[in-house]
Amino acid sequence: MSIGLQELESVKKNLQGDIYWDEKYRAIYSTDASIYRKVPAAVVHPKSDQDIIELVQFATKNNTSLIARTA
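Residues numbered from 1 in each chain as written. Predicted model: local features only at pLDDT ≥ 70, side-chain atom pairs only at ≥ 80, totals over all residues. Heavy atoms only, no water.

(A) Region of the structure containing the layout of surface pockets. Size it by volume and the largest pocket reaches roughly 970 Å³. In terms of lining residues, the largest pocket is bounded by 30 residues, among which P40, A42, S65, L66 and I67 are the most central. Listed by contribution, the elements that provide at least two residues to the lining of the largest pocket are α1 (5-13), β2 (43-45) and α3 (49-61). Among the elements that make up the lining of the largest pocket, the one with the highest residue count is α3 (four residues). Of the residues in the lining of the largest pocket, the class split is 21 nonpolar, six polar and three charged. One number sums up the size of the second largest pocket: a volume of about 160 Å³. Taken together, Q6, E7, S10, V11, N14, E54, Q57, F58, K61 and N62 make up the lining of the second largest pocket. (1 Å grid on protein atoms, 1.4 Å probe; cavity = no way out; pocket = protein on both sides within 12 Å on 5 of 7 lines; lining within 4 Å. Points joined across faces, edges and corners; volume = space filled by probe spheres on them. Helix = DSSP H or I, 4+ residues; strand = E, 2+ residues; numbered from the N terminus. Nonpolar A, V, L, I, M, F, W, Y, C, P; charged D, E, K, R; others polar.)

Listed below in structure tokens is the structure:
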């Protein structure tokens, strides 16, 4: 299932953190130190535990995955 603008706008309303789905942000986060490259539907910077709960519910509802990136 492809995540559309309507779904992203909907989840944005419920987040304290930031969500980006512009081409530039998605390209920056599409790769890491490996050769693997997958452009994400969006990039989210959660700010609270509630944001994490909201994102897990969103992913479950939309049959998609979440990939955590940390340093």
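(B) Focus on the side chain of N62. Topologically, N62 is positioned in the segment after α3. We classify N62 as buried; its relative accessible area is 6%. Among the polar contacts made by the side chain of N62, one reaches the main-chain carbonyl oxygen of F58 at a distance of 2.9 Å. (Buried < 20%, exposed > 50% of the residue type's maximum accessible area, 1.4 Å probe, protein only. Polar contact = N/O pair within 3.5 Å; in protein donor to acceptor, adjacent residues only side chain to side chain.)

(C) The arrangement of the side chain of D51 in detail. Note on placement: D51 falls in helix α3. Within the buried core, D51 has no salt-bridge partner, and the shortest N-O distance to an opposite charge, that of K47, equals 7.7 Å. For D51, the side chain forms a polar contact with the main-chain nitrogen of Q16, separated by 2.8 Å. In this structure the side chain of D51 is engaged in a polar contact, spanning 2.9 Å, whose partner is the backbone nitrogen of K47. (Lys, Arg positive; Asp, Glu negative; His and termini not counted. Salt bridge = Lys/Arg side-chain N within 4 Å of Asp/Glu carboxyl O.)

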